Amino acid sequence: MSNNSFYITTPIYYPSAKLHIGHAYCTTIADSVARYHRLAGDDVFFLTGSDEHGQKIQEKAEEQGIKPIEYVDKIVAEFQNLWKMLNISNDDFLRTSQKRHEKVVQEIFRRVYDKGDIYKGAYKGLYCTPCESFWTELQLDENGCCPDCGRPVKEVAEEAYFFKMSKYADRILKHIEDNPDFIQPVSRRNEMINFIKQGLDDLCISRTSFDWGIPVPIDEKHVIYVWFDALTNYLTPIGFLDDKEKFQKFWPANVHLVGKEIVRFHSIIWPCILMALDLPLPKQIYGHGWLVVDGSKMSKSLGNVVDPVELINKYGADAIRYFLLREINLGQDGNFSELALVQRINADLANDLGNLLHRTLNMVGKFQQGEVLAPQGKSEIDQSLINDAMAAVKTFDQGMAEMKISNVIKAVWAFISRANKYIDETAPWALAKEAAKKQELANVMYNLLESLRIISVLIAPFMPTTAEKIWLQLNMPEKFADVRLDAIKTWGGTPAGMHIGEAQQLFPRIELEKEEAAPQKSEKKDTKKAEAKPAAADGEITIDDFAKVKLQVVEILEAEPVPKADKLLKLIVDTGTEKRQVVSGIAKHYEVKDLIGKKVILVMNLKPAKLRGVESQGMILAATKGDELEVVSVDMPVGSVVR
Ligand code: ME8
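Rules used in this analysis
- Residues numbered from 1 in each chain as written.
- Predicted model: local features only at pLDDT ≥ 70, side-chain atom pairs only at ≥ 80, totals over all residues.
- Heavy atoms only, no water.
- Pairing = 2+ DSSP bridges.
- Helix = DSSP H or I, 4+ residues; strand = E, 2+ residues; numbered from the N terminus.
- Buried < 20%, exposed > 50% of the residue type's maximum accessible area, 1.4 Å probe, protein only.
- Domains from an automatic or database assignment.
- Near = heavy atom within 4 Å.
- Polar contact = N/O pair within 3.5 Å; in protein donor to acceptor, adjacent residues only side chain to side chain.
- Areas by Shrake-Rupley, 256 points an atom, 1.4 Å probe, with all protein chains shown as cover.
- Nonpolar A, V, L, I, M, F, W, Y, C, P; charged D, E, K, R; others polar.

## With respect to the sheet that holds strand 10 (residues 215-216)
Here is step 1 of the chain: Here we have 3 strands laid out as an open sheet, ordered 9-11-10, and antiparallel in their pairing. Of all strands in the sheet, those bounded by a partner on one side alone are strand 9 (206-207) and strand 10.
Here is step 2 of the chain: Both strand 10 and strand 11 (residues 219-224) contribute to a ladder of 2 bridges, which runs antiparallel. When the bridges of strand 11 are listed, Val216 appears paired with Asp219.

## Observations regarding unusual backbone geometry
Here is step 1 of the chain: Pro185 follows Gln184 through a cis peptide bond whose omega is -10°.
Here is step 2 of the chain: Considering the arrangement of structural elements, one finds Pro185 in the loop between strand 7 (183-184) and helix 6 (186-197).
Here is step 3 of the chain: Of note in this structure, Gln369 is not a glycine but carries a positive phi near 50°.
Here is step 4 of the chain: Within the secondary structure, Gln369 sits in the loop between helix 12 (338-368) and helix 13 (380-401).
Here is step 5 of the chain: In the Ramachandran plot, Asn475 falls in the positive-phi region, its phi being about 65° despite a non-glycine side chain.
Here is step 6 of the chain: Along the polypeptide, Asn475 turns up in the loop between helix 17 (464-474) and helix 18 (514-517).
Here is step 7 of the chain: Under the relative-accessibility criterion, Asn475 is labelled partly exposed at 37%.

## Looking at the domain arrangement of the chain
Here is step 1 of the chain: Here the domain parsing of the chain yields domain 1 (1-95 + 289-336), domain 2 (339-488) and domain 3 (549-642).
Here is step 2 of the chain: Relative to domain 3, the C-alpha centre of domain 1 lies at a distance of 41 Å.

## A word on the site of the ligand
Here is step 1 of the chain: Surveying the vicinity of the ligand reveals 22 residues, the closest of which are Ile12, Asp51, Glu261, His288 and Leu291.
Here is step 2 of the chain: Within the contact set of the ligand, a nitrogen atom lies 2.8 Å away from a backbone nitrogen or oxygen of Ile12.
Here is step 3 of the chain: Contact distances for the ligand include 3.2 Å between a nitrogen atom and a backbone N or O atom of Gly22.
Here is step 4 of the chain: Relative to its free-state accessible area of 670 Å², the ligand is covered by the protein chains to the extent of 90%.
Here is step 5 of the chain: The set of elements that each furnish at least two residues to the shell around the ligand consists of strand 1 (5-13), helix 1 (21-39) and helix 7 (226-231).
Here is step 6 of the chain: Tallied by class, the residues present in the shell around the ligand amount to 12 nonpolar, 8 polar and 2 charged.

And the structure:
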């Protein structure tokens, strides 16, 4: 077992508004990585916090007629409540308004000033208040606005202190070029190299036009400009000033996880400050992608800002965590949709995982009165299951160390499907009928319980509550919090002779809500919106309307006529994550045998309906003209999305 230290951070978020699903996404990633490292036996420090100073916060507080600290106290309490609800395991929460941080920032200012790397000058610049960033004319976008957020900038001129960042340009460029892992993903690294090559200006690090900030220690008229105050947060809680041992253990950080828009601050400005302090640089800056909602950027004006608290109340923290981590490849942008979330809950959690647990515990209860019997010998199928389990553990270990979270989850779920298939292959219900097969049945039951023991540990970083629920239902003797990865690196950790615990449902299947399944019926609810918009041209829909239809490639596995309905066929299709039954009016146009194996396009999110009493979960696309009909078939892998 390794016992390395591991320090991971999220950005400290601005308390200028409530946090949304994008912030929850970043913090959930960091949490799953921190949990993995604890599982691997590392000594972990996981930091998040709030970036509370600056003009924007001061203005917000003034609008409400309260002091800035009163304003931030309220919002930051909501941050902390969200992290509790989402089961975030941060070791500390840094608020830049805390005294301990003020001391650190002032000390850093003094040290860099004494070194001669801070000087007083006059700042004339273009300032974006929401982003707390200065820009040069050249950096503005084509509308003369902030290149990060597109909002107008204002010209400001004032006396200010500057950090000699230009002095470190060559060193930081060399560091980035010499250390390919320093900035991830590679696309962000290339952007940063190009940015530095255009030349680095010195950085304005103080302001006099507002006072909600940490005073410059040598000149109390000034407050420290927020990025100098914000970036140094990463040093405060690990004992920069007051705990040498702790500081040596955790600095340099292993990874600063940030959104792609602030990679620049973390991979250029922050390292330059650290160089001025003669401190080592963080090992990695990882820029994750942005979440959009139903294909659109989240914004207050569109009214599509997703509140994670509401989602957690509706679906539970583990389901949200699972969706965010599974659905989006780290580093790429991703889409959040409630419909996709519900589909994942139903297919992956209720179906794949829930069924494996439920079927296994039921059978052990029914066939062995809940007792775990010792296995003896192994069949070929048993051995292949064991090999797959060990391979999944290896993929998990390597993949999580590299933060390939989505791939790891896919590998874990492939093993869950494999274990479900093992039940079908071994047919325990048939073994149970023959007294001579008692040991074979005991082996199968043991292998399933052991698979579930391993799975519970493998899902712990992503779904900590569910993982422990499984552990408790298996009735494992060890306390779940004490379990480490080593416990699942060898097969056979489930002790024989004990009894399993009580079976409980993990995730109930969620019926899609009416308005989601049938958006055309929600007109009444939306009268305001309809009035505000001019009526669309006859039959015209927007891209957002179209995006509501989830189309996907599925394979027809079985087809049979629906009794007393000469036009209808009942099809069983494979969607890649589940099997579905679809009733389709194509009986007159196809022989059953010609449909098997055909890959067709299914409307996945159509509200289930009964046709002649037979349930249909979706609709297959077909082209028709007069009496002619042909289903639309494509040669793409099952599960491909059609857009
Ligand atoms: O930038 N998708 O704070 P901030 C994914 N205080 N992630 C998102 C997102 C989205 N749509 N929107 C926000 C700041 N984020 C500074 C940081 S660090 C020393 C100072 C996440 O409240 C993402 O991680 O604007 C992004 O970098 C961060 O929130 C920005 O949070």
